[in-house]
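# Structural characterization, general
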Amino acid sequence: MSAKITCFLPFGTKEETTITVSELRKSELVSNIFIVGNNAEEVEGAEVLNCDALTNGKTIQLIAEKSDSEYILLYTKTSALTLGQLAVERFYQVATDTNSGLVYSNHRAIKEGKVENLPVIDYQEGSLRDDFNFGSVLFYDAKMFKYAVEDVDAKYEHAGLYALRLAVAARSEFMRIPEVLYTEEEMDTRKSGEKIFDYVDPKNRAVQVEMEEACTEHLKRIGAYLEPKFKDVAFDEGDFKVEASVVIPVRDRVKTIEDAIKSVLSQKANVDFNLIIVDNYSTDGTTEIIAKYAEQDERLIHIVPERKDLGIGGCWNEAVNHEACGKFAIQLDSDDLYADETTVQQVVDAFYRENCAMVVGTYQMVNFKLEEIPPGIIDHREWTPENGRNNALRINGLGAPRAFYTPVLRKNPIPNVNYGEDYALGLAISRHYQIGRIYNPIYLCRRWEDNSDASLDIEKMNAHNTYKDRVRTIELKARKLLAK
């Protein structure tokens with residue numbers, strides 16, 4: 001076989017890098033191997049490329065210049081790579097058979113001394129999030145790579161590799177090989193619930209600014225960017241008995257539902273409001289607690305739906321289409337609390353102040369005892385009135401609590417699922433309307449062992465990510481049609 005692949009990898013320790021180079025050198029398909037980094041040391045069988053990290057735009061452009069083969073293999077980690085039997089040959093075969101711009105595969109990871117299978121998911125048109133997990137071996141068509149580099153800004157320090165991926169995706173398909181082709185070392189061993197807030201960590205702000213810029217440019221290139229022009233909201237549709245309704249869907253939350261109820265009924269507001277609880281056939285005593293408070297306070301409307309196939313989204317549909325629902329519907333999860341007695345009023349005020357169809361607040365992470373835990377306050381300051389709805393396609397959530405102008409909500413049925421329904425709804429509403437923001441904490445998000453995303457296995461995480469990527473794909477197609 002003639003050499004057909006140029007490889008690039010960052011320098012780790014000399015021992016680790018030497019192992020990776022020797023693994024790659026086992027394949028006759030590999031021509032040149034470049035070690036990327038400003039402090040890289042010489043390793044036999046490879047050439048040092050003095051430059052910044054793989055995430056740097058200039059580095060991505062330099063890789064394109066240095067590649068003189070059909071394909072480019074990027075290894076993105078510094079730990080030692082172990083390739084499976086004929087793994088490089090398999091990447092090459094699939095790439096040539098499918099003419100894909102990028103090929104990636106399932107793999108194994110060594111986590112704290114244990115080896116685990118890490119299946120990855122298929123890339124979709126809407127897989128715009130910058131944390132999409134391809135694994136650490138990226139196999140690019142070199143010609144496509146060089147075309148795509150034209151859209152990678154040299155000034156990027158953090159978003160170079162992300163911008164490259166988007167640019168390649170705009171020009172070709174990606175192909176996942178559903179086989180384990182290599183083993184890598186997993187450095188981030190935190191639970192899923194601890195990782196999901198990385199993009200709102202203030203120390204990552206510079207990274208996020210670049211990622212947003214790269215994503216926005218991509219949306220413009222593919223015709224899915226929405227200018228900051230929004231439909232006005234008159235707030236005069238419908239005849240509502242109260243101004244606001246707090247909506248709590250619940251099933252089997254006997255430990256927390258009473259706290260949630262009290263936090264709503266203790267609200268002090270200048271408008272009439274009620275509390276609608278959709279009790280989705282609880283069996284642990286939750287129903288009895290709700291019934292007790294409903295007898296004491298007529299503002300609590302206790303709904304047990306006729307249907308028995310409802311997820312959280314379906315329960316929301318029951319609430320917002322109920323005759324008792326107010327002009328604004330405000331979210332409260334059954335294991336969370338409002339921060340103080342002003343939350344409802346602050347949300348209502350935000351609707352009128354910002355003329356929006358949806359309001360998203362700021363929340364504080366707490367444990368079961370309501371003590372603050374890292375990362376503390378989640379304010380989603382990455383949202384801007386001008387570009388928030390475009391950047392929303394890149395991130396995995398919009399924040400909490402979420403509140404909606406009920407007539408708009410009734411025209412946008414909520415997906416009947418237990419995960420991601422709020423994100424799907426936020427994307428759909430933001431397509432036409434402004435989303436208002438409250439940046440002071442008005443909500444306490446309780447993190448405990450019964451949370452839906454506190455600690456997920458890889459299959460569940462993949463299912464969640466696949467769903468949100470599909471939601472983004474649907475939204476992306478809708479925005480392309482709207483932009484025409």
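Conventions adopted
Residues numbered from 1 in each chain as written. Predicted model: local features only at pLDDT ≥ 70, side-chain atom pairs only at ≥ 80, totals over all residues. Heavy atoms only, no water. Helix = DSSP H or I, 4+ residues; strand = E, 2+ residues; numbered from the N terminus. Buried < 20%, exposed > 50% of the residue type's maximum accessible area, 1.4 Å probe, protein only. Areas by Shrake-Rupley, 256 points an atom, 1.4 Å probe, with all protein chains shown as cover. Lys, Arg positive; Asp, Glu negative; His and termini not counted. Charge placed at Lys NZ, Arg CZ, Asp CG, Glu CD. Salt bridge = Lys/Arg side-chain N within 4 Å of Asp/Glu carboxyl O. Polar contact = N/O pair within 3.5 Å; in protein donor to acceptor, adjacent residues only side chain to side chain. Contact = heavy atoms within 4.5 Å. Phe/Tyr/Trp six-rings, centres within 6.5 Å; stacked < 30°, edge-to-face > 60°. pLDDT = per-residue confidence, 0-100. Pairing = 2+ DSSP bridges. Core = buried A, V, L, I, M, F, W, Y, C linked by side-chain atoms within 4.5 Å.

## Some words on the overall build of the protein chain
From N to C terminus, the protein chain includes 15 helices and 18 strands. For the protein chain, the spread of C-alpha atoms along the principal axes amounts to about 80 × 50 × 40 Å. Classification of the 484 residues of the protein chain by burial places 56% in the buried group. Here the protein chain has roughly 21100 Å² of accessible surface; of this, 48% comes from carbon and sulfur atoms. Positive and negative charge centroids in the protein chain, built from 58 and 79 side chains respectively, lie 3 Å apart.

## Description of the pattern of salt bridges
Pairing between side chains of opposite charge can happen when their charged atoms approach one another. Evaluation of the coordinates by the stated rule reveals 30 salt bridges. Residue Arg171 is joined to Asp151 by a salt bridge in which the shortest nitrogen-to-oxygen separation is 2.8 Å. Of this pair, Arg171 sits in the loop between helix H5 (160-169) and strand S9 (174-185) while Asp151 sits in the loop between helix H4 (142-148) and H5, and the two are 20 residues apart along the sequence. A salt bridge links Arg431 to Glu475; its shortest N-O distance comes to 2.8 Å. Of this pair, Arg431 sits in the loop between helix H14 (421-430) and strand S18 (435-446) while Glu475 sits in helix H15 (residues 458-483), and the two are 44 residues apart along the sequence. Overlapping salt bridges, with partners in common, bring together Arg129, Asp131, Asp469 and Arg472 in one network.

## Describing unusual backbone geometry
Following Pro374, the chain continues to Pro375 via a peptide bond in cis, the omega torsion being 5 degrees. Residue position: Pro375 is located in strand S16 (residues 372-378). Of note, Glu112 is a non-glycine position whose phi angle comes to about 50 degrees, a positive value. Mapped onto the elements of the fold, Glu112 is located in the loop between strand S6 (102-111) and strand S7 (114-118). Given the relative accessible area of 69%, Glu112 is considered exposed. Even without glycine at this site, His380 takes up a positive phi of about 50 degrees.

## Describing the side chain of Glu210
Structurally, Glu210 can be placed in helix H7 (residues 205-222). This buried residue, Glu210, is left without a salt bridge; Lys155 holds the nearest opposite charge, at 7.8 Å. Within the structure, Glu210 has its side chain in polar contact with the backbone nitrogen of Glu157 (distance 3.0 Å). Apart from residues no more than four positions distant in its own chain, Glu210 is found in contact with Lys155, Tyr156, Glu157, His158 and Ala159.

## Notes on H5
Counted residue by residue, H5 has nine buried out of 10 residues, so it is predominantly covered. Within H5, burial applies to Gly160, Leu161, Tyr162, Ala163, Leu164, Arg165, Leu166, Ala167 and Val168. Contacts from the buried residues of H5 go to helix H2 (57-66), strand S4 (71-75), strand S8 (137-141), H4, S9 and H7.

## Quick word on the packing of aromatic side chains
Taken as a whole and judged by the stated rule, the model has 20 aromatic pairs. Relative to Phe174, the ring of Tyr123 has its centre 4.5 Å away and its plane inclined at 45 degrees; by these criteria the two rings are tilted. Remark: Phe174 occurs in strand S9 and Tyr123 occurs in the loop between S7 and S8; sequence separation between them is 51 residues. Here Tyr123 falls in the buried class, since its relative accessible area comes to 16%.

## Quick notes on the environment of Leu310
Position of Leu310 among the secondary structure elements: in the loop between strand S12 (300-303) and helix H10 (312-320). Expressed as a C-alpha distance, the spacing of Leu310 and Ala40, which sit 270 residues apart in the sequence, is 56 Å. Ignoring anything within four residues of it in the chain, the contact list for Leu310 reads Asn280, Pro305, Cys315, Glu318 and Asn416.

## A look at the environment of Ile438
On the secondary structure map, Ile438 appears in strand S18. The class of Ile438 is buried, set by a relative accessible area of 5%. Among all residues touching Ile438, those that are not within four sequence positions of it are Gln346, Val347, Ala350, Val359, Val360, Gly361 and Thr362.

## Considerations on the confidence of the model for the protein chain
This prediction gives the protein chain a mean pLDDT of 93; 94% of its residues lie at or above 70. Every residue in residues 192-199 scores below 50 in pLDDT, and together they form 25 contacts with partners more than four places removed in sequence or on other chains.

## Here we look at the pairing of S6
Burial within S6 is extensive, with seven of its 10 residues counted as buried. Where S6 lies against S8, two bridges are found, and the strand directions are antiparallel. Within the sheet, the bridge partner assigned to Val103 lies in S8 and is Phe139. Judged from the eight bridges that link them, S6 and S9 form a sheet pairing that is parallel. Paired with Tyr104 across the bridge in S9 is Arg176. One ladder, built from five bridges, connects S6 with S7; its direction is antiparallel. Within the sheet, the bridge partner assigned to Ile110 lies in S7 and is Val115. Between S6 and the antiparallel strand that follows it, S7, lie two residues; Glu112 among them carries a positive phi value of about 50 degrees.

## Some details on the nonpolar core
Grouped together as the largest cluster of nonpolar side chains are 115 residues, with contacts concentrated most on Tyr140, Phe145, Leu164 and Ile261. In terms of residue count, H5 provides more of this core than any other element does, seven residues in total. Ile261 has contacts with Leu275, Ile277, Ile289, Ile290, Tyr293 and Leu300, leaving out every residue within four places of it along the chain. In terms of nonpolar packing, the next biggest core, distinct from the first, is built from 31 residues, Tyr75, Leu83, Ala87 and Ile177 among them.

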